[in-house]
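The chain contents come next:
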Amino acid sequence: MTLVTPETRAYARWHLRLGWWALAGWLVLGLTLEGLHGLKVGWYLDPGAETRRLLWTLAHAHGALLGLVHVAFGATVLALPGAGWGRLESRCLTAGALLLPLGFLLGGVVIHGGDPGLPVLLVPPGAMCLAVGVVATARRVSRAGV
Amino acid sequence: MSGWQEVALLVLAAIGVAAPLLARVRRPRARVAATTLTLVGLALLVQHLPRRAGRPTAPDDRPRVALRDDAWTGSDACKACHPGEHASWHASYHRSMTQRPSGESVLAAWDDVTLTAPDGARWRLTRDGERFLAAVDDAPPREVVLVTGSHHMQVFWVADGRPRLLAQVPFVWLIDDARWVPRNAAFVRPPELAGAPPSETGRWNLVCLRCHTTDPQPLPLSPGLDAFDTRVGELGISCESCHGPGAAHVAANRDPARRYALHLGGGADPTIVNPARLDALRSSQVCGQCHSISCEPSQAEWQAWAAQGFQFRPGDDLAATRALLQAPLDPEADPLAATILRMDPHFVEDRFWPDGEVRVTGRELSALVRSPCFQGGELSCVTCHALHKAPDDPRPTRTWADDQLKPAAMGDAACASCHQTTAREGEAHTRHPAGARVGCMDCHMPHTTYGLLKAIRSHEVTSPDVGAARAARRPNACNLCHLDRSLGWAADALAGWTGRPAPALDDDEREVAAGPLWLLTGDAGQRALVAWASGWEKARAASGTWWLPPYLEHVVRGDPYDAVRIIAWRGLRDLPEARGAAIDPVAAPAARAAALAPVRERWPAAATDRGEDDGARVLAPGGRLDRARFQALSERRDDRRVDLIE
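First, a word on scope: everything that follows refers to the structure included in this document. Nothing here was measured: the structure is a model prediction, and the numbers come from that model. (Residues numbered from 1 in each chain as written. Chains lettered and ligands numbered in written order. Predicted model: local features only at pLDDT ≥ 70, side-chain atom pairs only at ≥ 80, totals over all residues. Heavy atoms only, no water.)

1. Some details on the overall build of chain A
- A count of helices and strands for chain A gives 5 helices and 0 strands.
- Going from the N terminus to the C terminus, chain A shows its helices and strands as α-α-α-α-α.
- Referenced to the eigenvectors of the C-alpha coordinate spread, the extents of chain A come out at roughly 60 × 25 × 20 Å.
- Out of the 146 residues in chain A, the part that is buried amounts to 41%.
- In chain A, once contacts between residues fewer than 6 apart in sequence are set aside, the share between residues at least 24 apart is 76%.
- On chain A, roughly 7900 Å² of surface is accessible, and the fraction owed to carbon and sulfur atoms is 72%.
- Charge-centre separation for chain A: the mean point of 11 positive side chains lies 14 Å from the mean point of 6 negative side chains. (Helix = DSSP H or I, 4+ residues; strand = E, 2+ residues; numbered from the N terminus. Buried < 20%, exposed > 50% of the residue type's maximum accessible area, 1.4 Å probe, protein only. Contact = heavy atoms within 4.5 Å. Areas by Shrake-Rupley, 256 points an atom, 1.4 Å probe, with all protein chains shown as cover. Lys, Arg positive; Asp, Glu negative; His and termini not counted. Charge placed at Lys NZ, Arg CZ, Asp CG, Glu CD.)

2. Here's the deal with the side chain of Glu296(B)
All names here are of chain B.
- Structurally, Glu 296 can be placed in the loop between strand S13 (294–295) and helix H9 (299–308).
- Since its relative accessible area comes to 8%, Glu 296 is described here as buried.
- In terms of polar contacts, Glu 296 uses its side chain to reach the side chain of Arg 210, at 3.1 Å.
- When near neighbours in sequence (up to four residues on either side) are disregarded, Glu 296 contacts Arg 210, Glu 301, Trp 302, Trp 305, Phe 310, Arg 322 and Leu 336. (Polar contact = N/O pair within 3.5 Å; in protein donor to acceptor, adjacent residues only side chain to side chain.)

3. Re the pattern of salt bridges
All names here are of chain B.
- All told, the structure shown has 45 salt bridges over all chains when counted by the stated rule.
- Two residues, Asp 215 and Arg 68, come together in a salt bridge whose shortest N-O distance is 2.7 Å. Here Asp 215, found in strand S11 (residues 213–217), pairs with Arg 68, found in the loop between strand S1 (64–65) and helix H3 (83–90); they are 147 residues apart in sequence, far enough to count as distant.
- In this structure Arg 68 comes out as partly exposed when scored by relative accessible area, which is 24%.
- We note a salt bridge from Glu 553 to Arg 600, for which the minimum N-O separation is 2.6 Å. (Salt bridge = Lys/Arg side-chain N within 4 Å of Asp/Glu carboxyl O.)

4. Brief notes about the state of the cysteines
All names here are of chain B.
- Throughout the structure, instances matching the rule amount to 0 disulfides over all chains.
- Free cysteine Cys 381: the closest other cysteine sulfur is in Cys 287, separated by 3.8 Å.
- Cys 384 takes part in no disulfide bond, and the closest cysteine sulfur to it belongs to Cys 415, at a distance of 6.5 Å.
- Here Cys 384 falls in the buried class, since its relative accessible area comes to 18%. (Disulfide = S-S within 2.5 Å.)

5. Thoughts on the environment of Gly103(B)
- As for its placement among the helices and strands, Gly103(B) is situated in the loop between strand S2 (98–99) and strand S3 (113–116).
- Separated by 126 residues in the primary sequence, Gly103(B) and Asp229(B) place their C-alpha atoms 27 Å from one another.

6. Some words on helix H21 (residues 487–498) of chain B
Residue and element names in this part refer to chain B.
- Between the first and last C-alpha of H21 there are 16 Å, a value that for 12 residues agrees with the 16 Å anticipated at 1.5 Å per step.
- Listed in full, the buried residues belonging to H21 are Leu 487, Gly 488, Ala 490, Ala 491, Leu 494 and Ala 495. Mapping the buried residues of H21 onto a view down its axis gives an arc of 160°, with all of them on the same face.
- Against helix H19 (466–471), helix H20 (477–481), helix H22 (507–511) and helix H23 (514–521) lie the buried residues of H21.
- Just past H21, the residue Gly 499 takes up positive phi, approximately 85°. (Expected span 1.5 Å × (residues − 1). Arc of directions from axis to C-beta.)

7. Observations regarding the packing of aromatic side chains
All names here are of chain B.
- Applying the stated criterion across every chain, the model contains 13 aromatic pairs over all chains.
- Taking 4.7 Å as the distance between ring centres and 65° as the angle between the ring planes, the aromatic pair formed by Trp 110 and Phe 156 counts as edge-to-face. With Trp 110 in the loop between S2 and S3 and Phe 156 in strand S7 (residues 153–159), the pair connects residues that are 46 residues apart, well separated along the chain. Across the pair, Phe 156 and Trp 110 agree in class, each one buried.
- Aromatic side chains Trp 305 and Phe 310 sit 4.5 Å apart centroid to centroid with 10° between the ring planes, which places their arrangement in the stacked category. Like Phe 310, Trp 305 is buried.
- An aromatic cluster is present here, built from Trp 110, Phe 132, Phe 156, Trp 173 and Trp 180 joined pairwise through their rings.
- Positioned above the aromatic ring of Trp 569 is the side chain of Arg 179, whose terminal nitrogen or guanidinium carbon lies 6.0 Å from the ring centre.
- In this structure, Arg 210 is placed above the aromatic ring of Trp 305, and the distance from its NZ or CZ to the ring centre is 4.8 Å. (Phe/Tyr/Trp six-rings, centres within 6.5 Å; stacked < 30°, edge-to-face > 60°. Lys NZ or Arg CZ within 6 Å of the ring centre and 35° of its normal.)

8. What about the environment of Leu483(B)?
Residue and element names in this part refer to chain B.
- Mapped onto the fold, Leu 483 is located in the loop between H20 and H21.
- Its relative accessible area of 2% is what places Leu 483 among the buried residues.
- Separated by 35 residues in the primary sequence, Leu 483 and Trp 518 have C-alpha atoms spaced 9.3 Å apart.
- With residues up to four places along the chain from it excluded, the contact list for Leu 483 reads Ala 513, Ala 514, Gly 515, Pro 516, Val 530, Ala 533, Ser 534, Ala 539, Ser 543 and Trp 547.

9. Focus on the nonpolar core
- Val188(B), Leu325(B), Tyr450(B), Leu572(B) and Ile583(B) are the most contacted members of the largest nonpolar core, which totals 91 residues.
- For Val188(B), the residues in contact, after removing those within four places along its chain, are Tyr450(B), Ala524(B), Ala528(B), Tyr561(B), Ala563(B), Val642(B), Asp643(B) and Leu644(B). (Core = buried A, V, L, I, M, F, W, Y, C linked by side-chain atoms within 4.5 Å.)

10. What about the interface of chain A and chain B?
- Opposite the 13 residues of chain A that make contact, chain B presents 11 residues.
- Around 860 Å² of area is buried between chain A and chain B when both sides are counted, 59% of it from carbon and sulfur atoms.
- Considering only the side of chain A, the residues that lose the most area to chain B are His112(A), Asp115(A) and Leu118(A), jointly responsible for 49% of the buried surface there.
- If you look at where chain A meets chain B, you find 1 salt bridge.
- Among the ionic pairs, Asp115(A) bridges to Arg259(B), the shortest N-O distance being 2.5 Å.
- Where chain A touches chain B, the interface holds 4 residue pairs in polar contact (both at pLDDT 80 or more).
- The class makeup of the residues in the side of chain A that touches chain B is 4 nonpolar, 6 polar and 3 charged. (Buried area = accessible area lost by both parts, 1.4 Å probe. Nonpolar A, V, L, I, M, F, W, Y, C, P; charged D, E, K, R; others polar.)

See the structure below:
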């Protein structure tokens, strides 16, 4: 059994911390969205704000889910400390967790009818980073010989 | 997916579930029982499959709904990029001007209702789920295939039996009153037509669809116009009616780079027409496709329209393909005018006041173009009207949809945006105290246009002029609020303000209040407008209501025009004297007189209690009605033929 080194522990702690804080932040957004529903805020609920509603719902869902992904990633690192964890998966997962939900959130601030605002352009690179990070993590886990 | 495909899918699914169960049953009896149960269950399931709304029982009997060609796209394609605009259009009465019958679209009472038409025919209206059936006398029921109207009244169409030819159920459902009336009673039509069966067969195919559908084509199949292959792009007025065919716009804007260049650049998209970006004339002509008095310029062009649909597209000059008519028509100088008057000698008087002002609703462009604000300014339909509810409009969608007015146009802001100096003058211009709730439009766009059993504002912007209105036999702006004052009072007031001499008036016009005078002596068009004004909140605030009952009772009891009686009944029914009285304004005269008895009994007491003494209201000292003068005036009722073609 491979012992968890301080570097690996720090590596895992970064993702656990990021994951839990992301979860906290995006769940607060979820509460905010519920409040907007409860108060029937037209800027969010009017038919013309359908795009904003969709984007912010996506931001909330992706942000919270990616927070959980980071928690799971941190736990995986601690479970498999000898898998040779590197920068690629860490940075890609981190970039994905930031770019994806922020792209949705900011893209919904200013909308053009059925089109989101320009910040939505953060979403595609975020999705790419996430995909690369997940594949890299899967490869690490596979090669760890669990 | 078709119904048969649905059933086939269900059978396959049932077999898939039943087969493994049957395979486990070894005894033959049990296998037979299981098979029977499966089949019975299957039959029950098929029986209870939800029926789709509006599924045709005779698909060839009703107009086709299909896009003309690849240039058109349909309103569903607009929703993804314009959700707000699509939603407000969907909530508008434009969208629901023509609909397939359904539990949602049919607002009328239809559960085994029997109605007797003026010609004695008995109509029985029954419902079978989402199918609405109408049977006359002992004939087999026919299915309603289309519904027109959704705001004030609804009309229902059944298949005539000849190809795609529609016939009208001869009753109209009044939505606000929640009641049926005979078709002719819903319009100001000469009384001699009241008992005749309305001959509306084919009217939908040739007339109604022009303005109740998008991209219509009548497509007559015979010279006698008794068979059609009628096709419309969409039922109701949808996006492409005002924005033009949209397929090229949809295709071009699949490119996100193009969309964002337009979003961020703020420029117009050349692939679609936005009426708000057109100049005042072109923009208003988009509305004028329907909201004008117009016709095809020649018989050949009428035939072209019948065969191919409209050539006009939003952004075009409407006058290039349509004759926009103004009164008077000159048959000597204009062959088209001669043709129109030969086909319909009453064409002008049925649509215009004698001075050329439009008097029927739905023809607003014809009135607007006569206005100085249009001729010399930038006034257009979209100055006041918003065809899509603005995101910052706080009103409920239903309120906006009523007249589709911008919030600013609900008050004086629309006028004040140009007439700033006048707006600053305040009471010096209006001559009304600040708290009187009198707006620009009350004086400059009075309710002198008739339609849909109510008065609407004239869309010809004018200044109050008692003499000009009197000469045109039209109620004037002042007395439509001040019903309890005479024409002389209004004329003298205007003369004092403007310095222009007051017109010559007869004794009655100087002595008798305008409301009673018009209700007793006016023609049916005047009586309809004044009966409506008697229920108008602003007129009631200015004139009071206590004096109204005997006049409205007189109209409801004896006016020969059904529509005038209905309007007067609406003004009367919420007055204390009429409370609890079951008055039917289209009932037989004796029944009306009996139902109105409580009004006659209650009013003298109420009036006497007030101790009013006002000869201008045809009242004698002590508040009693001057019966002799009332009778003398009522005998002077103007019974000229009035047929208002809405």
